[in-house]
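What follows is each chain in one-letter form.
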Protein chains: 2
Amino acid sequence: MAEAATLHHFAFDPASRAARLALGEIKLAVQEQAVRPWDPESPIHALNPSGLPPVLETRHQGRALTLRGLSAILGFADDASAGALLPGDAGERAEARRLVDWFARPFTDDVDAVLLHERMEKPLLRMGPPDARNLREGREALRRHLALFEALAGERDWLAGRRLSQADLVAAAHLSVLDYFGEAPWPAYPALKGWYAKIKCRPCFRGLLGDRFPGVAPSAVYADLDF
Amino acid sequence: MAEAATLHHFAFDPASRAARLALGEIKLAVQEQAVRPWDPESPIHALNPSGLPPVLETRHQGRALTLRGLSAILGFADDASAGALLPGDAGERAEARRLVDWFARPFTDDVDAVLLHERMEKPLLRMGPPDARNLREGREALRRHLALFEALAGERDWLAGRRLSQADLVAAAHLSVLDYFGEAPWPAYPALKGWYAKIKCRPCFRGLLGDRFPGVAPSAVYADLDF
């Protein structure tokens, strides 16, 4: 097991949030170090060739170990916890892996790259007000994705099956950022809302609910466990 | 272990190729079923909500099991082979996972989405001749990425360290498609060329070297083990 750890993260980056949730779930104590990946002077560029958080610096079996990117951190969290974040059942494992990929690819492209660009990156990089058409398209894409997750949440205890998995942490990470900016239309997706209420109560979520984005207050329900 | 398996794949899709290599490495006999994901009538759309190959249908412990997408298939291949495709060392595991992600994200966006779009998708979808500027930009991006892999291949036996891993299979899958179309400038990257020669000789590679793209002959070196 690890001895001491620093997580380099950006509080509103979904991958960084998923790493914090995973490390919280396996109860690995980490010191959180905020990075600003858009700043060319940020130390993240020396830590990761991709220039992106999350990066975990830890010690493992007496040696320094640097884990670059979410897959490496999720895999390490699983390895270090005897598979706490992947179900034992082969079908549920496959679902967990499929859903983690789903967020990395179509969800990030269809939703985050549009809605979070308008709501988060533009104020951060002083790029002017959000574009109404992009907001509309991003919200429509989000609703298409939420309809898929609503079906899963209606059939299963957790998104990949009977056990909490990486898929739940990654999904909650992405949706929690959208929720901060008031972009998560929970009432229309009751089963998914029930799933989110369940994961939001877990101790690993506490840090995220205390995050504040400069100049933007969180939505009314963001930190409310009984929303 | 699995009892009978069908892999739904497209021969020139890098993720499908990586799945074939992984299943070949762990010696899982699969029947290959070609799909055309761009065809709305393709059975792939019913098999995978993403509409994309690869999908593996197999049996596991007496039950039907459908593995959707490369992560699910790579994970299954590891699980079914006692970790044959991930090194035991924690640092090498992290590197393997980092590099698999690297191909999924910046490499696919910077190189495949540009060069393979021009060389492969346009003829396939009858979209007209390649665009010279895109070809130039895609080739420049490829060279930036190859310089990173050349450094790794110069320092390590395999891309993630001392053992062959998922990272080598995924990297070889992407580069082999580019190589078919004559887009892999091997002579400028001697260490990487040595790595590719080593992986190309493995039995798992044989099927790929026999693939033919309609109307485009493979590059002179494509199937040459001593290129």
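Conventions we followed
- Residues numbered from 1 in each chain as written.
- Chains lettered and ligands numbered in written order.
- Predicted model: local features only at pLDDT ≥ 70, side-chain atom pairs only at ≥ 80, totals over all residues.
- Heavy atoms only, no water.
- Contact = heavy atoms within 4.5 Å.
- Buried area = accessible area lost by both parts, 1.4 Å probe.
- Salt bridge = Lys/Arg side-chain N within 4 Å of Asp/Glu carboxyl O.
- Polar contact = N/O pair within 3.5 Å; in protein donor to acceptor, adjacent residues only side chain to side chain.
- Helix = DSSP H or I, 4+ residues; strand = E, 2+ residues; numbered from the N terminus.
- Nonpolar A, V, L, I, M, F, W, Y, C, P; charged D, E, K, R; others polar.
- Phe/Tyr/Trp six-rings, centres within 6.5 Å; stacked < 30°, edge-to-face > 60°.
- Buried < 20%, exposed > 50% of the residue type's maximum accessible area, 1.4 Å probe, protein only.
- Lys NZ or Arg CZ within 6 Å of the ring centre and 35° of its normal.
- Pairing = 2+ DSSP bridges.
- Expected span 1.5 Å × (residues − 1).
- Least-squares fit on C-alpha atoms with pLDDT ≥ 70 in both.
- UniProt positions renumbered as here; feature names shortened; annotations may be inferred.
- Axes fitted to C-alpha atoms, helices over the stretch in contact; angles between N-to-C directions.
- Parallel < 35°, antiparallel > 145°, perpendicular 65-115°, else oblique.

Draft legend 1. Looking closely at the interface of chain A and chain B. Contacts between the two partners involve 28 residues from chain A, matched on the other side by 28 residues from chain B. Carbon and sulfur atoms supply 51% of the area buried between chain A and chain B, which totals about 2,000 Å² over both sides. It is Arg-97, Arg-98 and Arg-105 of chain A in chain A that bury the most area against chain B; as a group they hold 24% of the surface buried on that side. The tally of links from chain A across to chain B stands at eight salt bridges. At the junction of chain A with chain B, the criterion picks out twelve residue pairs in polar contact (both at pLDDT 80 or more). Only β4 (63-68), α3 (70-80) and α4 (90-124) of chain A provide two or more residues apiece to the side of chain A that touches chain B. Among the elements that line the side of chain A that touches chain B, the one with the most residues is α4 of chain A, at 13 residues. Its residues placed into classes, the side of chain A that touches chain B shows nine nonpolar, eight polar and eleven charged.

Draft legend 2. Structural view of the packing of aromatic side chains. Summed over all chains, the structure comprises 32 aromatic pairs over all chains. Ring geometry for Tyr-180 of chain A and Tyr-222 of chain A: centres 4.9 Å apart, planes at 80°, overall edge-to-face. Remark: Tyr-222 of chain A occurs in the segment after α8 (206-209) and Tyr-180 of chain A occurs in helix α6 (residues 166-180); sequence separation between them is 42 residues. Classification of Tyr-180 of chain A as buried rests on a relative accessible area of 1%. Aromatic side chains Tyr-196 of chain B and Phe-205 of chain B sit 5.8 Å apart centroid to centroid with 85° between the ring planes, which places their arrangement in the edge-to-face category. Take Tyr-196 of chain B and Phe-205 of chain B: they sit in the same class, and that class is buried. By the ring-pair criterion, three or more aromatic residues cluster together here, those being Phe-10, Phe-12, Trp-38, Tyr-180, Phe-181, Phe-213 and Tyr-222 of chain A. Against the face of Phe-227 of chain A rests Lys-200 of chain A, its NZ or CZ located 4.1 Å from the ring centre. Over the face of the ring belonging to Phe-12 of chain B we find Arg-17 of chain B, whose NZ or CZ atom lies 5.0 Å from the ring centre.

Draft legend 3. Expanded view of the pairing of β4 of chain A. All names here are of chain A. Where strand β3 (residues 55-60) and β4 come together, six bridges link them in antiparallel fashion. Residue pairing in the sheet places His-60 in a bridge with Arg-63 of β4. Where β3 folds back on β4, the antiparallel hairpin that results is connected by two residues, among which Gln-61 adopts a positive phi of roughly 50°.

Draft legend 4. Representation of α4 of chain A. The end-to-end C-alpha distance of α4 of chain A is 42 Å, clearly below the 51 Å that 35 residues give at a rise of 1.5 Å each. Positive phi shows up at Arg-126 of chain A, right after α4 of chain A, with a value of about 50°.

Draft legend 5. Fine view of the pattern of salt bridges. All names here are of chain A. Taken as a whole and assessed by the stated rule, the structure comprises 32 salt bridges over all chains. Between Arg-20 and Asp-211 there is a salt bridge whose closest N-O contact spans 3.0 Å. Within this pair, whereas Arg-20 is found in helix α1 (residues 14-25), its partner Asp-211 is found in the segment after α8, the two being separated by 191 residues in sequence. The exposure class assigned to Arg-20 is buried, which follows from its relative accessible area of 7%. In this structure, a network of salt bridges that share partners links the residues Arg-17, Arg-20, Glu-32 and Asp-211.

Draft legend 6. Seen up close, the side chain of His-174 of chain B. Residues and elements named next belong to chain B. Inspection of the secondary structure assignment puts His-174 in helix α6 (residues 166-180). For His-174, a relative accessible area of 7% gives the class buried. Within the structure, the side chain of His-174 is placed 2.6 Å from the side chain of Asp-112, a separation counted as a polar contact. Those residues in contact with His-174, other than ones at most four positions away along the chain, are Pro-14, Phe-103, Phe-107, Thr-108 and Asp-112.

Draft legend 7. Molecular detail of the relation of the copies chain A and chain B. Rotating chain A by 180° and moving it 0.0 Å along the rotation axis overlays it on chain B with an RMSD of 0.0 Å. In symmetry terms, the pair is related by a two-fold rotation axis. The position closest to the rotation axis in chain A is occupied by the C-alpha of Arg-105 of chain A, lying 4.1 Å away. Of the residues that chain A buries at the interface, 100% are likewise interface residues in chain B, meaning the two copies contact each other through the same surface.

Draft legend 8. Expanded view of the UniProt feature "domain: GST C-terminal" (unreviewed entry) in chain A. UniProt records the feature "domain: GST C-terminal" (unreviewed entry) at residues 89-218 of chain A, using the numbering of this structure. For residues 89-218 of chain A, the end-to-end C-alpha separation is 38 Å, with 68% helix and 0% strand making up the annotated structure.

Draft legend 9. The arrangement of the packing of helix α4 (residues 90-124) of chain B against α6 of chain B in detail. All names here are of chain B. One way to put it is that α4 packs onto α6 with a least axis distance of 10 Å and a crossing angle of 5°. Judged on the interaxial angle alone, α6 and α4 are roughly parallel. Two secondary-structure elements touch here, α4 through Ala-96, Leu-99, Val-100, Phe-103, Phe-107, Thr-108, Val-111, Asp-112, Leu-115, Leu-116 and Met-120 and α6 through Gln-166, Ala-167, Val-170, Ala-171, His-174, Leu-175, Val-177 and Leu-178. In the contact of α4 with α6, the residues fall into 15 nonpolar, three polar and one charged.

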